[in-house]
Amino acid sequence: MSGADIREFSRPMTGPALVPLIDAIEAGEKPVVAAIEGMALGGGLELALGCHYRIAHSKAQLGLPEVTLGLIPAAGGTQRLPRLIGFPAALDMIITGRRVSAGDALKLGIVDQVTERNAGEVAVAFARSVVDCPLVSRRLSTWPPLCPADLDNILQMALARAWQRGRGALAPVACVQAVQAARLPYSQGMQQEQKLMSMLFASPQARALQYCFFSQRAVGKWSMPNGACWDNSTARPIRKAAVIGLGTMGRGIAVCLVLAGIPVIAMETDEKQLEAARRVVMALLEKEVQKLAVGLHLGLIHFTLEQRYLREVDLVIEAVFEDLALKKQLFAELSSVCHPDTLLCTNTSQLDVDQLATATSRPDLVVGMHFFAPANKIKLLEVVFTSRSSPEAVATAMQLGKWLGKVSVAVANCPGFVGNRMLRPYVEQAGFLLEEGATPEQVDSALEHFGLAMGVFRMSDLSGLDVGWRVRKAAGLTGPGVPQGQLLQTQQGYRYSPLADLICQKGRLGQKTGCGWYLYEGPGGHMARPDPWVHAFLEEYRRVHGLQPRSIGQQEVLERCLFALINEGFRVLEDRIVMDPVALDVIYVLGYGWPAHTGGPMYYAGEVGLPRVLGRLEYYQRVHPDIPHLRPSALLRQLVAKGSPPIHKWMWHIEEGSSRL
Ligand SMILES: CC/C=C\CC(=O)SCCNC(=O)CCNC(=O)[C@H](O)C(C)(C)COP(=O)(O)OP(=O)(O)OC[C@H]1O[C@@H](n2cnc3c(N)ncnc32)[C@H](O)[C@@H]1OP(=O)(O)O
């Protein structure tokens with residue numbers, strides 16, 4: 001039982017109340033044995049905890065995932081589980097919402113027996129064997145709480161962790177508070193559980209998280225502007241794949257494929273790089289084997305320098321250096337080396353997939369598979385289709401993403417695809433705010449206080465300032481041959497901030513060099529500290545350009561950065577790069593650390609109010625007429641004019657024929 005029907009949460013609950021039902025089962029004189037076959041999640045597990053015994057099939061999974069929906073377990077789970085398995089293990093399961101295997105549930109004491117047979121039949125036999133046993137010791141609500149001596153410390157640490165990791169989410173904190181009440185008599189603890197659930201149930205955060213739950217499933221029902229979609233396109237089987245280019249991304253992708261049980265040809269052109277990759281990939285796989293306690297056939301991966309092994313693969317993912325000429329040359333070679341039906345995929349994060357398709361004799365079999373670093377951890381996959389990508393190729397890449405445990409989002413090819421395209425105005429505004437008087441830590445603090453996993457400057461230092469620098473050079477925005485503006489920098493007629501370029505020219509590339517926008521303990525360091533050199537550099541830059549610094553508040557930082565990103569999201573919809581705004585929210589929550597408890601950028605815009613987003617963009621555009629990204633998009637204006645329809649109706653208001661595809 002996967003728990004309550006989440007769709008019911010947006011309307012009055014029907015059916016018998018769960019709590020008295022579970023209490024009645026527990027109080028009954030007849031032994032009740034729970035048989036857990038597949039999933040016992042949320043209310044499903046709480047129901048099982050009210051039973052006197054629990055039998056689970058070896059493949060069953062158990063958990064209390066309510067926190068992922070902005071809720072807490074509210075059918076006694078926060079009171080019975082700590083009594084059964086102790087506070088530390090109960091806190092971990094309830095705060096994280098993670099599922100445990102039947103084997104782990106047995107070790108924890110959640111279930112009494114695990115079977116390879118039909119759990120129902122075993123449960124019946126078990127019930128017969130205990131029919132004369134007293135039940136008094138099997139009623140968890142009557143158990144005294146197992147309070148360890150350091151329970152106060154355990155709870156304080158759990159609360160601190162919930163605040164810190166939750167980044168503003170209420171539910172994790174409420175989970176700790178509910179479990180904390182398990183040290184009280186059961187009836188009092190239940191009152192606290194119900195009080196906390198009442199506070200959360202109708203909260204905006206719970207609605208936003210439940211929106212995220214359904215959005216991440218909705219994107220699996222993908223469609224393309226030409227009418228191809230998930231239920232009229234057939235994916236091909238992938239019996240063997242290849243990864244070409246075994247840098248950080250290639251290694252992560254290879255690990256994903258092996259963990260999914262797909263044989264992999266891992267190819268490099270450089271012997272040393274190949275050996276280094278072999279060591280890293282095998283170490284990562286060994287670690288996964290231990291963590292997942294799964295049998296993994298490490299022989300699934302074959303490392304090689306030879307292209308001849310590519311003849312037998314169904315799909316290639318290239319992850320070579322981010323250079324268009326190099327990738328085009330490789331795609332041309334693959335056209336002749338690989339079987340004519342082999343799909344050719346690119347992991348590029350920025351480059352034009354159409355140009356790569358043109359370099360091959362099979363443009364219909366070329367799609368982007370944009371993984372996010374670290375590829376074996378981040379759940380998001382952007383599947384980028386060109387105007388010539390066949391529906392079968394898109395369906396195959398989307399299906400492969402699902403097999404790899406990713407949430408795949410189908411997006412049309414355009415500069416930056418979706419995530420990085422929306423990121424550009426966000427990063428641009430942050431640079432302008434530095435010119436106008438802010439420091440990197442002031443901007444990052446505002447963004448992280450909002451709930452983003454990492455502020456824009458800490459994120460740039462982590463990924464390396466040279467990544468963006470290379471992109472700007474390729475776009476002709478900077479570089480030795482590009483004339484620099486005298487006053488406020490302008491490029492291609494619009495305001496342009498050269499600050500990041502100047503920082504790079506000083507060799508300050510971020511964590512990898514020990515300094516960037518912040519100072520670190522050394523090259524490769526992670527502890528970002530405000531850098532007096534950066535402050536002096538900004539002061540000198542403003543003086544040279546005659547910029548009068550001003551105090552910039554958190555609200556302006558958020559509006560300038562987030563609304564510019566949201567505005568670009570509306571332009572992505574206008575261009576029909578995706579066919580549903582939920583795709584943008586899924587991309588940002590899963591791939592860019594956007595706080596899930598706000599739903600994602602587009603959902604958040606609806607919560608803030610589209611008229612307010614429009615009004616603030618109009619204000620900032622009046623103040624900064626030389627920044628096109630602040631000009632409100634036509635769709636945003638259209639939606640406000642139509643009375644701000646709900647997000648699932650936005651695409652109805654896009655002018656027909658406005659698609660760029
Ligand atoms: C007063 C509150 C009382 C009790 C509290 C609760 O019980 S809260 C709910 C707790 N349960 C969950 O959070 C489980 C949510 N579901 C999942 O984690 C996964 O669906 C699951 C069960 C692990 C299965 O995963 P799988 O990848 O196999 O399927 P998928 O997630 O794609 O789901 C398939 C379709 O089922 C829909 N769905 C799944 N669970 C629920 C649910 N609890 N309520 C409503 N709908 C659910 C899901 O949306 C998919 O629908 P589709 O139309 O096919 O996209």
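Residues numbered from 1 in each chain as written. Predicted model: local features only at pLDDT ≥ 70, side-chain atom pairs only at ≥ 80, totals over all residues. Heavy atoms only, no water.

A. Spotlight on the overall build of the protein chain. A tally of regular secondary structure across the protein chain gives 26 helices and 16 strands. In terms of C-alpha radius of gyration, the protein chain reaches 27 Å, essentially the compact-globule figure of 26 Å for 661 residues. Each principal axis of the C-alpha distribution contributes one length, and for the protein chain these read about 90 × 60 × 55 Å. In the protein chain, which comprises 661 residues, the proportion classed as buried is 54%. When contacts within the protein chain are restricted to residue pairs at least 6 apart in sequence, those whose partners lie at least 24 apart make up 71%. Just so you have it, the protein chain exposes about 28,300 Å², and 57% of that area is on carbon and sulfur atoms. When the 66 basic and 62 acidic side-chain charges of the protein chain are each reduced to a single mean position, those positions are 1 Å apart. (Helix = DSSP H or I, 4+ residues; strand = E, 2+ residues; numbered from the N terminus. Rg over C-alpha atoms; globule rule 2.2 N^0.38 Å. Buried < 20%, exposed > 50% of the residue type's maximum accessible area, 1.4 Å probe, protein only. Contact = heavy atoms within 4.5 Å. Areas by Shrake-Rupley, 256 points an atom, 1.4 Å probe, with all protein chains shown as cover. Lys, Arg positive; Asp, Glu negative; His and termini not counted. Charge placed at Lys NZ, Arg CZ, Asp CG, Glu CD.)

B. Main features of helix H13 (residues 324-337). Between the first and last C-alpha of H13 there are 20 Å, a value that for 14 residues agrees with the 20 Å anticipated at 1.5 Å per step. For H13, every residue scored as buried is listed here: Lys327, Leu330, Phe331, Leu334, Ser335 and Val337. Packed against the buried residues of H13 are strand S7 (241-244), strand S10 (315-318), strand S11 (343-346), helix H14 (353-358) and strand S12 (366-371). By the N-cap criterion, in which a side-chain oxygen at the helix start approaches the backbone nitrogen of a residue two or three places on, H13 is capped by Asp323, the distance to Ala325 being 3.2 Å. (Expected span 1.5 Å × (residues − 1). Polar contact = N/O pair within 3.5 Å; in protein donor to acceptor, adjacent residues only side chain to side chain.)

C. Looking closely at the sheet that holds strand S6 (residues 113-115). Taking strand neighbours across the sheet as the criterion, the three strands line up as S1-S3-S6 in an open arrangement whose pairing is parallel. One side of each edge strand has no neighbouring strand; the edge strands of this open sheet are strand S1 (33-36) and S6. Neighbour-to-neighbour, the strand axes of the sheet open up by a mean angle of 20 degrees, direction not taken into account. By the bridge criterion, four bridges tie S1 to strand S3 (residues 53-57) in an arrangement that is parallel. The residue bridging Val33 from the neighbouring strand is Tyr53, located in S3. (Pairing = 2+ DSSP bridges. Axes fitted to C-alpha atoms, helices over the stretch in contact; angles between N-to-C directions.)

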